[in-house]
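# Structural features, examined
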Amino acid sequence: MYDRRLDAIVAAAETGSFAKAGRLLHISTPAVAKQVNTFETEYGLTLFVRSHGGVTPTPAGTELVEGARDLIRRSDEIIRRARRRARPDIVPVRLGVSMLRPGRRILDLWQHDAGRTPSIRLELVSLPDNRTSITDIIARLGGTIDVIATAFAPDHWTGVCGTLALSYEPLCLAVPRGHALARRARVTLDDLAGTRIRMLPRGNGTDDVARDLFERAGGIELADIDHYDLDVFNECARTGDLLVSKPMWADVHPQLVNVAVDWPEPVGMQYGLLYPTDPTPTVAAFVDRIAELAGVERNASAREATEAGDAR
């Protein structure tokens, strides 16, 4: 039988922290700890090794989390089907979420709406954080997923999907907490001499601009990664390497901290919603409502959206 405490256990395992799991689940840190502790006591298990740096799953915890993910997905799908049967007149808007695409800003905006749009019901659908490319995910828009909250280059998706830009996301660096640069609020390219930085290979848009600047600065070793997932963050925390990151990933790993970069030219992406080019009326209404709550226009250019966000 599905136990709601599994949500807290899985979130703690994925974030490495009870506090971050609480933020992910929108509950307090003590509430997460209580759910994990009572589950361990009830079943005679030790699921995590606790330390001042966070929590790490034990072998038993890893085994349980792997099974719990599938159980949670199946339970959520059963509930979704039951809700659709109970309210056939209300078609849900399905927001794809994951550790790397948490959709927290969208959820915060929607919570501020406080049910003022009862004709729209928002559902969360799990996205994979693995080798599944963003292109493959976009291909699912309008199928199993209606909208995604992520960072993107607007022009890249013209004719492929609709975009709603809510803010500008300058690329930053995820730095291990033990690294000297982790104590800096901002770094320059000169500060990065002697470091090793992991990033996507050439041919990845905005990352190419950062790569060119790193190469021109000199003294920086660049190491390619195939894709972003939690293993990459874990490896950087273990080796001391820096990682090209985004503001929306600030809470992904407890041993890494995002540090801003003083880029000599703009190096960033827009953050907002991706949705089908021909959305259903309900999805279109949801996108319009998010735009209204964020103070931007749905059809505004990326620059107009950025200016509107800055004005707030």
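Predicted model only: the values in this text are computed from it and were never measured. (Residues numbered from 1 in each chain as written. Predicted model: local features only at pLDDT ≥ 70, side-chain atom pairs only at ≥ 80, totals over all residues. Heavy atoms only, no water.)

## Structural notes on the overall build of the protein chain
Helix and strand content of the protein chain: 10 helices and 13 strands. Radius of gyration (C-alpha) of the protein chain: 20 Å, near the 20 Å computed for a compact globule of 312 residues. By principal-axis analysis of the C-alpha atoms, the protein chain measures approximately 60 × 55 × 35 Å. The buried share among the 312 residues of the protein chain stands at 48%. Here the contacts in the protein chain between residues at least 6 apart in sequence split such that 72% fall between residues at least 24 apart. Here the protein chain carries 38 positive and 42 negative side-chain charges, and the mean point of each set is 5 Å from the other. (Helix = DSSP H or I, 4+ residues; strand = E, 2+ residues; numbered from the N terminus. Rg over C-alpha atoms; globule rule 2.2 N^0.38 Å. Buried < 20%, exposed > 50% of the residue type's maximum accessible area, 1.4 Å probe, protein only. Contact = heavy atoms within 4.5 Å. Lys, Arg positive; Asp, Glu negative; His and termini not counted. Charge placed at Lys NZ, Arg CZ, Asp CG, Glu CD.)

## Observations regarding helix H8 (residues 230-239)
Of the positions making up H8, those classed as buried are Val 232, Phe 233 and Cys 236. One side of H8 carries all its buried residues, which in axial view fall inside an arc of 100°. Opposite the buried face of H8, at more than 90 degrees from it, the exposed residues are Asp 231 and Arg 238. Looking at the buried side of H8, the elements it contacts are strand E7 (172-176), strand E9 (196-199), strand E11 (242-245) and strand E12 (256-261). Gly 240 sits one or two residues past H8 and shows a positive phi near 90°. (Arc of directions from axis to C-beta.)

## Some details on the domain arrangement of the protein chain
Assigned domains within the protein chain: domain 1 (4-72), domain 2 (88-168 + 270-294) and domain 3 (172-266). Using C-alpha coordinates to define each centre, domain 2 is positioned 27 Å away from domain 3. Of the residues lining the interface, 12 residues belong to domain 2; the matching set on domain 3 comes to 13 residues. Summing the contributions of domain 2 and of domain 3, the shared interface buries around 980 Å²; its carbon and sulfur component is 63%. Remark: the boundary between domain 2 and domain 3 carries zero salt bridges. Applying the counting criterion to the domain 2 and domain 3 interface returns one residue pair in polar contact (both at pLDDT 80 or more). Taken together, the elements giving at least two residues each to the side of domain 2 that touches domain 3 come down to helix H5 (104-113) and strand E5 (147-152). Here the side of domain 2 that touches domain 3 is built from residues that sort into six nonpolar, two polar and four charged. (Domains from an automatic or database assignment. Buried area = accessible area lost by both parts, 1.4 Å probe. Salt bridge = Lys/Arg side-chain N within 4 Å of Asp/Glu carboxyl O. Polar contact = N/O pair within 3.5 Å; in protein donor to acceptor, adjacent residues only side chain to side chain. Nonpolar A, V, L, I, M, F, W, Y, C, P; charged D, E, K, R; others polar.)

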